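Remarks on the overall topology
This is what each chain is made of:
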Amino acid sequence: MTQRAFQAAVARLVVDPAFRDRVRAIGAAALDGELTSIEQQRVMSIVDEKGLDATRTLHKSFRLTKLYSTLPLTRQLLRPNRLAKEIGSFWEATPSDSHYFVDESIAFCDFLRKRLRSGLRIKHLEEIVTYERANLNLRRARIEPEVPKREIVRFRYDPIILFEQLVKGKHPRAVPERTCTMIGRVNKEGKVHWRLSEKVSDKV
Amino acid sequence: MSAQVVIEGNQPLFAPRLGVGLLYQEELRPFIECQKSSFDFLEVIPDLFWTDLGPDQSPRYIENRQAMEILRQLQADVPIVLHSIGLSIGSAHRFDREHVSQIARWYERMKFPWHSDHLAFIVAAHGAGEVNVGVTLPLPYDEESLDLLVPRASEIGSRIPRPFLLENNVYFFKYPDQELTEATFLNQLCERSGCYLLLDLHNLYTNSRNHAADSYAFLDELNLANVVEIHIAGGMQHDGFYQDAHSGISPDGVWELLEWVLPRCPNLGGVVFELLGSWYVDVGEDRLIAQLSRMKDMWLRYQPASQQGSRL
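Remember, it's a predicted structure, so these values are computed and weren't measured experimentally.

**Structural notes on the overall build of chain A**
Within chain A one finds eight helices and three strands. Start at the N end of chain A and walk to the C end: the helices and strands fall as α-α-α-α-α-α-α-β-α-β-β. Against the globule reference of 17 Å for 204 residues, chain A gives a C-alpha radius of gyration of 21 Å, more extended than a compact globule. Along the first, second and third principal axes, the C-alpha atoms of chain A reach 65 × 40 × 30 Å. Here chain A, with 204 residues, has 33% of them falling under the buried criterion. Within chain A, contacts between residues separated by at least 24 positions form 54% of all contacts whose residues are at least 6 apart in sequence.

**Description of the nonpolar core**
Here is a general trend for soluble globular proteins: nonpolar side chains tend to be buried in one another's company. Judged by nonpolar contacts, the single largest core of 97 residues is most densely connected at A9(A), A11(A), V133(B), L165(B), L197(B), L201(B) and I230(B). Top element by residues in this core is helix 1 (residues 2-15) of chain A. It accounts for nine residues. Apart from the residues lying within four places of it in its own chain, the contact partners of A9(A) are L31(A), D32(A), L35(A) and V43(A). By size, the runner-up hydrophobic cluster in this structure holds 24 residues, among which are L71(A), L77(A), L78(A) and L136(A).

**Here we look at the confidence of the model for chain B**
One rule of thumb: low pLDDT means the predicted coordinates there are not for detailed reading. Residues at a pLDDT of 70 or more form 93% of chain B, whose mean pLDDT is 92. For this predicted complex, the interface confidence comes out at an ipTM of 0.93, alongside a pTM of 0.89.

**Digging into the pairing of strand 16 (residues 270-274) of chain B**
Regular strands show a simple pattern: their side chains alternate between the two faces of the sheet. Residue and element names in this part refer to chain B. Burial within strand 16 is extensive, with four of its five residues counted as buried. Pairing between strand 3 (residues 19-23) and strand 16: four bridges, direction parallel. Looking at strand 16, one finds that L22 is bridged to F273. The sheet contact formed by strand 13 (residues 227-233) and strand 16 spans five bridges and is parallel. Directly across from H231, in strand 16, lies its bridge partner V272.

**Some details on the packing of helix 1 of chain A against helix 3 (residues 37-46) of chain A**
All names here are of chain A. The interhelical angle for the contact between helix 1 and helix 3, taken along N-to-C directions, is 10 degrees, at an axis separation of 10 Å. By the angle class used here, helix 1 and helix 3 are roughly parallel. Taken together, the residues of helix 3 that come into contact with helix 1 (itself represented by T2, F6, A9, V10 and L13) are E39, V43 and I46. Here the contact of helix 1 with helix 3 is built from residues that sort into six nonpolar, one polar and one charged.

**Description of the environment of W106(B)**
Residues and elements named next belong to chain B. Considering the arrangement of structural elements, one finds W106 in helix 3 (residues 97-110). For W106, a count of 23 C-beta atoms within 10 Å gives the class buried. In the structure, W106 is positioned 94 residues away from D200 in sequence and 24 Å away in space, judged by C-alpha atoms. When sequence neighbours within four positions are dropped, the list of residues in contact with W106 reads P46 and L82.

**What to know about the interface of chain A and chain B**
Every contact between the two is made by 34 residues of chain A and, on the other side, 35 residues of chain B. When contributions to the side of chain A that touches chain B are tallied by element, the ones reaching two or more residues are helix 1, helix 3 and helix 4 (50-70) of chain A. The dominant element in the side of chain A that touches chain B, judged by the number of residues it contributes, is helix 4 of chain A, at ten residues. Partitioned by chemical class, the residues of the side of chain A that touches chain B number 14 nonpolar, twelve polar and eight charged.

**What about the packing of helix 6 (residues 101-117) of chain A against helix 7 (residues 125-143) of chain A?**
Residue and element names in this part refer to chain A. One way to put it is that helix 6 packs onto helix 7 with a least axis distance of 10 Å and a crossing angle of 155 degrees. Comparing their axes, helix 7 and helix 6 come out roughly antiparallel. As helix 6 runs across helix 7, the sense of the crossing is left-handed. Listed contacts from helix 7 to V102, S105, I106, C109, L112, R113 and L116 of helix 6 are L125, E126, V129, E132, R133, L136, N137, R139 and R140. The class makeup of the residues in the contact of helix 6 with helix 7 is eight nonpolar, two polar and six charged.

**Thoughts on unusual backbone geometry**
Only a minority of non-glycine residues have a phi that is not negative, and only a minority of peptide bonds are not trans. Here S58(B) and P59(B) are connected by a cis peptide whose omega angle stands at -5 degrees. Here P59(B) is to be found in the loop between strand 5 (50-52) and strand 6 (61-63). A positive phi angle is found at R79(A), which is not glycine, with a value near 65 degrees. Tracing the backbone through its elements, the reader meets R79(A) in helix 5 (residues 72-93). Overall, the presence of 11 C-beta atoms within 10 Å leaves R79(A) in the exposed class.

**Some remarks on the pairing of strand 12 (residues 196-200) of chain B**
Residues and elements named next belong to chain B. Most of strand 12 sits inside the fold, with five of its five residues counted as buried. By the alternation rule, side chains of strand 12 split into Y196, L198 and D200 and L197 and L199, which are all buried. Looking at chain direction, strand 11 (residues 164-167) and strand 12 are connected through three bridges and run parallel. Within strand 12, the position partnered with L166 by the bridge is L197.

Cut-offs used in this document
Residues numbered from 1 in each chain as written. Chains lettered and ligands numbered in written order. Predicted model: local features only at pLDDT ≥ 70, side-chain atom pairs only at ≥ 80, totals over all residues. Helix = DSSP H or I, 4+ residues; strand = E, 2+ residues; numbered from the N terminus. Rg over C-alpha atoms; globule rule 2.2 N^0.38 Å. Buried ≥ 20, exposed ≤ 12 C-beta atoms within 10 Å, placed from the backbone. Contact = placed C-beta atoms within 7 Å. Core = buried A, V, L, I, M, F, W, Y, C linked by C-beta atoms within 7 Å. pLDDT = per-residue confidence, 0-100. Pairing = 2+ DSSP bridges. Axes fitted to C-alpha atoms, helices over the stretch in contact; angles between N-to-C directions. Parallel < 35°, antiparallel > 145°, perpendicular 65-115°, else oblique. Nonpolar A, V, L, I, M, F, W, Y, C, P; charged D, E, K, R; others polar. Left-handed = near helix turned anticlockwise from the far one by under 90°.

Now the structure itself:
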């Protein structure tokens, strides 16, 4: 049991800066009581090591890469400061439990949608996050048979102009209103295709 | 044409001498398809060919059909060995037998000559669940760690009838007062479990640079008869540390280590170059060819055909 608690403490030092600060502040009292004295000494000896910072940087790159590579429009819309703040809050609430990019990115989309429901106000974020989440779900659908192979995303602003500005690295400006729907499907070859419809019903 | 590797009490295992290998990355596929003569075999990370839905899910592993077709085509041209990232063999809170079963299923399909994973823990208990740190965290070089690892590595060896290799770890912090040196720890692990070593020379180089350690003292102490595969790679200095970033061609120090170690590994099956696909644009085709060509020259110089089939 002590090996398990020791590894949990080392991993937590890497992923949880608040825990690391607590260990620094109050010492071994912050650690699980199951640790042996040598394990406690080892944890206390690495807590201030720069190598632990380097390990945390690697852990952050591991998680950041997942979000950066799979959510390019959300990343561009949020811009660096807001993105860093939201990612920080997401990481505090959600430890990484998988090697896989899609799961982590879908969880981040769900986190942002929850933030929107609880008062976060960023123009176009609802549509962009919902679209990128749907796109990821369709990627899952290519290999997981039980995941639906069709997604519908409603827009209140012109998605073509919105996407174009974001892809060019611009912050969206003067995007005209357009009530429409984007419908994504996985075709027989396993490729994801999106089309635009002016209809807004579920049965487009 | 193979080196005999013997597990005490078990049937002899044979690790073929494959030569020079390249780590498969999707971004390298055009290179791999056009430059087949520049390498002898490929190493693939099987975890990238499936989605792992997590322990106790059924089915747990969903294989990507398109990626599997690519793999099938590649295997028709060159031998493939596996280098997994998903076992986390050092995790104290659980031993992932489902992962071992998945590798065993791949063995039935692919009959790979050997397979490997990392000597570390990546997943740890975290509250009521667990956390995947995404970084290979070091195990203390103690008897207690050997007690954890030996039955696991031994079980893998008994379930998959090909040499199972563990890779020496790269680490950015060290635990004080460890009972064994790293080399003695690795020797003991191999001796007691029947597993073998994937000697990552770039990890060794990285550790030596960051911790001012003597790579050659480590190699002197290491039983090189256990080494079945070698990794080389390139990295970069960042934030006060040299990083094992797989971001370029190998530095001179790694070539020197390779030159020293190659003639001293009697059971070596191959030397693999690791390059992250996203850095291929930076490295370019010519430099990748030059890297592999230099590896091939060394391989032919120090692992001559006359050694093939020898047993130590």
